[in-house]
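# Summary of structural features
Listed here are the chains, written in short residue letters.
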Amino acid sequence: MNPQDLRKAFPILNQQVNGHPLVYLDNAASSQKPRSVIDAIVRYYEHDNANVHRGVHTLASRATDAYEGARAKVARFLNAASEREIVFTRGTTSALNIVARSYARAVLREGDEIVLTPMEHHANLIPWQQAAKATGAVLRYIPMQPDGTIRLADVEATLTDRTKIVSVTHVSNVLGVVNPVKEIAALAHKCGAVMVVDGAQSAPHMKVDVRDIDCDFFAFSGHKMCGPTGIGALYGKLELLEKMEPVEYGGEMIEHVDYYDATWKESPWRFEGGTPIIAGAVGLAAAIDFLTDIGMEAIERHSTELARYAYDRLSAIEGITLYGPRERAGLVTFNLEGVHPHDVATVLDTEGVAIRAGHHCCQPLMRKLDVTATARASFYLYNTEEDVERLVAALIKAKEFFGHAIG
Amino acid sequence: MQLDELYRRVIMDHYKNPRNRGTLDEDSVTVNLNNPTCGDRIELQLQVENGVVKLAKYTGEGCSISMSSASMMTDAVRGKTLDEALGLAEKFSAMMQGQPVEFEEYEDLEALSGVSKFPARIKCATLAWNALRKGIEAGRQS
């Protein structure tokens, strides 16, 4: 793959920001969209738009085919056994909330355990806190090594016969750590727990095979993988989804309704109350085509190599602290000594370099790292080593500016 | 956008040499506020006597804009009645919206006017002032 060529597929990247060509390094927050995805959404609205599943007219059939076709595409993308294992959601957050509200509350009893890691995003933390509060279950954390990695021996030591749910991020959005989810899933199953994987940072960057991982649930967002905002999916093993109660009630998700009661459609449709995110699903399908044409293995290699290159280049700058191990997925998180990450990000922005600064929706992890905030540069298929050089140059400028201003 | 427009010398001076950083005794009005989007945090304490802010102190963590704003604010409200302090907060809000504002008695604050051109940073500058508003409210009730 050639990032310079791929770049041309993304209209937004061809612009100046504050007088400099844009270097977009905030992909872990949200990726940019290729022309093919934008076109697919426009084409859907210009030719096929209608509500799904209930019209008999031609446009309704086209819209339904597009929507259900997108579901089948997501199923293939994750190597799910059936498209009925794919629930469309607003994104990772709402996908994890479905599991925590429906599955967890039905299964958890007082004293049962939900096991997480200390590096979870708020989206894979707060739903479990609430499920624990509602059921009397307790949260337990797998200890983390100083470099942010998880050891399987520690997983084994944390799990007990009271563990009912293990929910772990596949890739940390702060540390870049890739967790051994397949091995953790095997350990979870050994003690009778289900394995939930937060795939928000992995699905965009690597080949995900839910059957190989053997996870019970897997959640991801479309907008971090070249798709539009407002669409994502929950993969769930069919035998689990079929037993789960809906979390939203209304049109679309019902089978039979009378004035006093109702019954539900089968999964996954019972989880999709109301008019679904049809154009979003169409855009997500186009994004999956775009990514699979390039090849997920090639994308993973590119992001990983770029992150390692950035890690080494930033390590060489005096006053920079990097968080997480050198072996990492496509992002680097760091701080510049004596300069708050917000100030770093503002200086970088005036140089046309977009990064993220803040707690990255990981407040407990920030406290563990003993920082209030960090700066993060995250890469994707259109980023290049030149982008990393622009980042480095802008960081040196920030260092000089604040060294001078504070000095 | 010019960096010097945002990070004026006065701001960096308050960041480097914060005024009124510290704590007051327990009977002062205490407000804790954080900025949930970025993690900036301030604890503001006001010593209010007969409707007048005798002393204001703060502790916290944040960027140069939020901490220098806290430093200036605690200086500016000292000796002011609660109404006057609220008036300063209103004036500061107006400045953040880009309106031309003068702080005759405490000109340092005008150095923060450049923040209005950096929309993402306005919430940094207003954190201390939002804490002040809460403190004034609490001071009125006590």
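Residues numbered from 1 in each chain as written. Chains lettered and ligands numbered in written order. Predicted model: local features only at pLDDT ≥ 70, side-chain atom pairs only at ≥ 80, totals over all residues.

## Considering the sheet that holds strand 7 (residues 163–169) of chain A
Residue and element names in this part refer to chain A. Applicable threshold: One requirement defines pairing of two strands: DSSP has to find at least two bridges between them. Runs of H or I in DSSP of at least four residues are treated as helices and runs of E of at least two as strands, each being numbered from the N terminus. Think of each axis as a best-fit line through the C-alpha atoms, taken over the contacting stretch in the case of a helix, with angles from 0 to 180 degrees between the N-to-C directions. Contact between residues is assigned whenever the C-beta positions, reconstructed from backbone atoms, fall within 7 Å.
The sheet built from seven strands is open, its strands ordered 4-10-9-8-7-5-6 with mixed pairing. The sheet is open, and its two edges are formed by strand 4 (86–89) and strand 6 (138–141), each paired on a single side. In this sheet, adjacent strand axes meet at a mean angle of 20° when their direction is disregarded. With four bridges joining them, strand 5 (residues 113–116) and strand 6 adopt parallel strand pairing. By the bridge assignment for strand 6, valine 115 is matched with arginine 140. With respect to the sheet, helix 3 (residues 58–78) is in contact with strand 4, strand 9 (217–221) and strand 10 (232–236), its orientation differing from that of strand 4 by roughly 115°.

## Section: the domain arrangement of chain A
All names here are of chain A. Note the cut-off: Note that the domain bounds reflect an automated or database-derived domain assignment. Only Asp, Glu, Lys and Arg are considered charged, only Ala, Val, Leu, Ile, Met, Phe, Trp, Tyr, Cys and Pro nonpolar, and every remaining residue, Gly among them, polar.
Taken domain by domain, chain A comprises domain 1 (3–26 + 295–406) and domain 2 (37–293). Here the C-alpha centre of domain 2 lies 29 Å away from the C-alpha centre of domain 1. Taken together, the contacts link 22 residues of domain 1 with 21 residues of domain 2. When residues of the side of domain 1 that touches domain 2 are traced back to their parent elements, those giving at least two are helix 11 (296–315), strand 14 (331–336) and helix 13 (363–369). Looking at the side of domain 1 that touches domain 2, the element that brings in the most residues is helix 11, giving six residues. Each residue belonging to the side of domain 1 that touches domain 2 can be placed in one class, and the counts come to twelve nonpolar, six polar and four charged.

## Looking at the interface of chain B and chain A
Counting residues at the interface gives 18 residues for chain B and 16 residues for chain A. The biggest single contributor to the side of chain B that touches chain A is helix 2 (residues 9–16) of chain B, with three residues. Looking at side-chain class alone, the side of chain B that touches chain A contains ten nonpolar, four polar and four charged residues.

## With respect to unusual backbone geometry
All names here are of chain A. We apply this condition: In this scheme the burial state of a residue depends on its C-beta neighbours within 10 Å: 20 or more other such atoms mean buried, 12 or fewer mean exposed, and anything in between means partly exposed; the C-beta positions come from the backbone.
Cis geometry is found at the peptide bond from serine 267 to proline 268, where omega equals 5°. Checked against the element boundaries, proline 268 lands in the loop between strand 12 (262–264) and helix 10 (278–294). Although it is not a glycine, cysteine 226 adopts a positive phi angle of roughly 75°. On the secondary structure map, cysteine 226 appears in the loop between strand 9 and strand 10. Residues other than glycine seldom take positive phi values, yet aspartate 370 does so here, at roughly 65°. Of note, aspartate 370 is situated in the loop between helix 13 and strand 17 (374–378). Accessibility expressed as a C-beta count within 10 Å gives 6 for aspartate 370, which makes it exposed.

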